[in-house]
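Chains, contacts and geometry: an overview
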Amino acid sequence: MSEENERHNAKMRKIKAARDKMMEQKTEQKGLIMVHTGKGKGKSSSGFGMIMRCISHKIPCAVVQFIKGNWDTGEKSFLRENYADECRFFVSGEGFTWETQDRARDIAAAENGWRIAKEQILDPDIQFVLLDEINIALRYDYLNIDEVVDFLLTQKPHMTHVCLTGRNAKPELIEAADLVTEMTLVKHPFKDGVVAQKGIEF
């Protein structure tokens, strides 16, 4: 074995020993409140990636999709057509707020989505709930942020995971969450005139 390989192996052994020691202290399990926010692409995609993992691990899950109601999204058709028994899929929004141009309807749709979301989170048969684009509804005050945070902190079952996506997550939600990821926009083809494309954006 070369001297370089010996140095590498010794370094890896030290790293493994340190990691094993750290992992000995990580014993708690709990249902997480997760927030995916930021201006970059990938918030919903990451959430649906976790839905795929849940299905693979036979973890019952549900999706409540806010805002994107009239979009023929790939994830909606894929899950409804192939995994309807494993993942419940609900749509509450009627489209982006600039499309509906009716605040009262948007509020009603968001409130209905939140009602469904609470039912799914409280259902003992469901262990993971994705609230896709709920942050948009919260941003425009279609939902009361204090009510949402209070419910998540006081009524969510201990082992149920909830993931909330959408840009401009409110500070109260970020503070309450266990895990927060901010997607950073570096470059996007939309600025160069490229429209949203199937398989990429929806």
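What counts, and at which threshold
- Numbering of residues starts from 1 in every chain and runs along the sequence as written.
- Restriction of local features to residues with pLDDT of at least 70 applies here, the model being predicted, together with a cutoff of 80 or more for giving and counting side-chain atom pairs; totals for whole chains, interfaces and linings are based on all residues.
- Only hydrogens and water are removed before side-chain values are computed, so all heavy atoms of the structure are retained for them.
- Put simply, DSSP marks the helices as runs of H or I at least four residues long and the strands as runs of E at least two long, and each gets a number from the N terminus on.
- Only protein chains enter the area calculation, which uses a 1.4 Å probe; residues under 20% of their type maximum are buried, those over 50% are exposed, and those in between are partly exposed.
- The method behind every accessible area is Shrake-Rupley, applied with a 1.4 Å probe, and residues are considered shielded solely by the protein chains displayed.
- Among the buried residues, those of types Ala, Val, Leu, Ile, Met, Phe, Trp, Tyr and Cys that are joined through side-chain atoms within 4.5 Å form a nonpolar core.
- In this description, contact between two residues means that some pair of their heavy atoms is separated by no more than 4.5 Å.
- Residues forming no salt bridge and having over 30% relative accessible area are the ones grouped into patches, like charges within 9 Å of each other and nonpolar side chains (Val, Leu, Ile, Met, Phe, Trp, Tyr) within 5 Å.
- Should a side-chain nitrogen of Lys or Arg be within 4 Å of a carboxyl oxygen of Asp or Glu, the pair is scored as a salt bridge.
- We count Lys and Arg on the positive side and Asp and Glu on the negative side, and we leave His and both chain ends out.
- Here the site of a charge means NZ on Lys, CZ on Arg, CG on Asp, or CD on Glu.
- Counting of polar contacts relies on pairs of N or O atoms within 3.5 Å, with two restrictions inside protein: one atom must be capable of donating a hydrogen and the other of accepting it, and residues adjacent in sequence are counted only when both atoms are side-chain atoms.
- Note on disulfides: each one is a pair of cysteine sulfur atoms within 2.5 Å.
- By definition, two strands form a pair when at least two bridges between them are found by DSSP.
- Comment: axis = line fitted to C-alpha atoms, over the contacting stretch for helices; angle = value between 0 and 180 degrees taken between N-to-C directions.
- Pairs were defined over the aromatic rings of Phe, Tyr and Trp, the Trp ring being its six-membered one, requiring ring centres within 6.5 Å. Orientation was assigned from the angle between planes: stacked under 30 degrees, edge-to-face over 60, tilted for the rest.

What follows concerns the overall build of the protein. Counting secondary structure elements, the protein contains eight helices and six strands. Written out in order from the N terminus, the α and β elements of the protein read α-β-α-β-α-β-α-α-β-α-α-β-α-β. Counting only residues that meet the buried cut, the protein has 40% of its 202 residues in that class. Summed over all atoms, the accessible surface of the protein reaches about 12300 Å², with 50% contributed by carbon and sulfur.

This brings us to the nonpolar core. With 31 residues, the main nonpolar core has L131, L143, L152 and L164 as its most contacted residues. Secondary-structure elements contributing two or more residues to this core are β1 (33-37), β2 (61-65), α5 (103-122), β4 (128-132), α6 (134-139), α7 (145-154), β5 (161-165) and α8 (171-176). The contact partners of L152, leaving out residues within four places of it in the chain, are I33, I121, V162, L164 and L173. Among the nonpolar cores identified, the runner-up in size contains 14 residues, and I55, L79, C87 and F89 belong to it.

Bringing a positive patch on the surface into the picture now. Together, K39, R139, R167 and K191 make up a region of like positive charge exposed at the surface. Inspection of the secondary structure assignment puts K191 in the segment after β6 (179-182).

Note on placement: H36 falls in strand β1. At a separation of 3.4 Å, a polar atom in the side chain of H36 contacts the main-chain carbonyl oxygen of K43. Apart from residues no more than four positions distant in its own chain, H36 is found in contact with K43, S46, G47, M50, N135, C163, L164, T165, G166 and T181.

On to the state of the cysteines. Scanning the entire structure with this criterion turns up zero disulfides. In this model C87 remains outside any disulfide bridge; the closest cysteine sulfur is found in C61, 3.8 Å from its own. Using a relative accessible area of 2% as the deciding quantity, one classes C87 as buried.

On a regular strand, each side chain points to the face opposite its neighbour's, so the side chains alternate between the two faces of the sheet. Counting buried residues in β2 gives five out of five residues, a clear majority hidden from the surface. Residue alternation in β2 divides its side chains into two sets, C61, V63 and Q65 and A62 and V64, and both sets are buried. Across five bridges, the pairing between β2 and strand β3 (residues 87-91) is parallel. Each residue of the ladder has a partner; that of V63, found in β3, is F89.

Mapping I51 onto the fold places it in helix α2 (residues 43-56). I51 gets classed as buried once you look at its relative accessible area, which sits at 0%. Considered as a pair, I51 and L130 are 79 residues apart in the sequence and their alpha carbons are 7.7 Å apart. When near neighbours in sequence (up to four residues on either side) are disregarded, I51 contacts C61, A62, V63, L79, C87, F128 and L130.

Think of a sheet as strands paired side by side through backbone hydrogen bonds, with each pair either parallel or antiparallel. Ordered by their spatial adjacency, six strands build an open sheet running β3-β2-β4-β5-β1-β6, and the pairing between neighbours is parallel. Both outer strands of the open sheet, β3 and β6, are each paired with one neighbouring strand and no more. Within the sheet, the average angular offset between the axes of one strand and its neighbour, ignoring direction, is 10°. Taken together, the four bridges between β1 and β6 define a ladder with parallel strand orientation. Within β6, the position partnered with T37 by the bridge is E182.

Let's shift gears to the packing of aromatic side chains. Under the defined criterion, the tally for this structure stands at four aromatic pairs. Arranged with centres 5.5 Å apart and planes meeting at 50°, the rings of F78 and Y83 form a pair that is tilted. For Y83, a relative accessible area of 29% puts it in the partly exposed group. Aromatic side chains Y140 and Y142 sit 5.8 Å apart centroid to centroid with 25° between the ring planes, which places their arrangement in the stacked category. Residue classification places Y140 among the partly exposed residues on the basis of a relative accessible area of 30%.

By themselves, these figures tell us nothing about what the structure is for.
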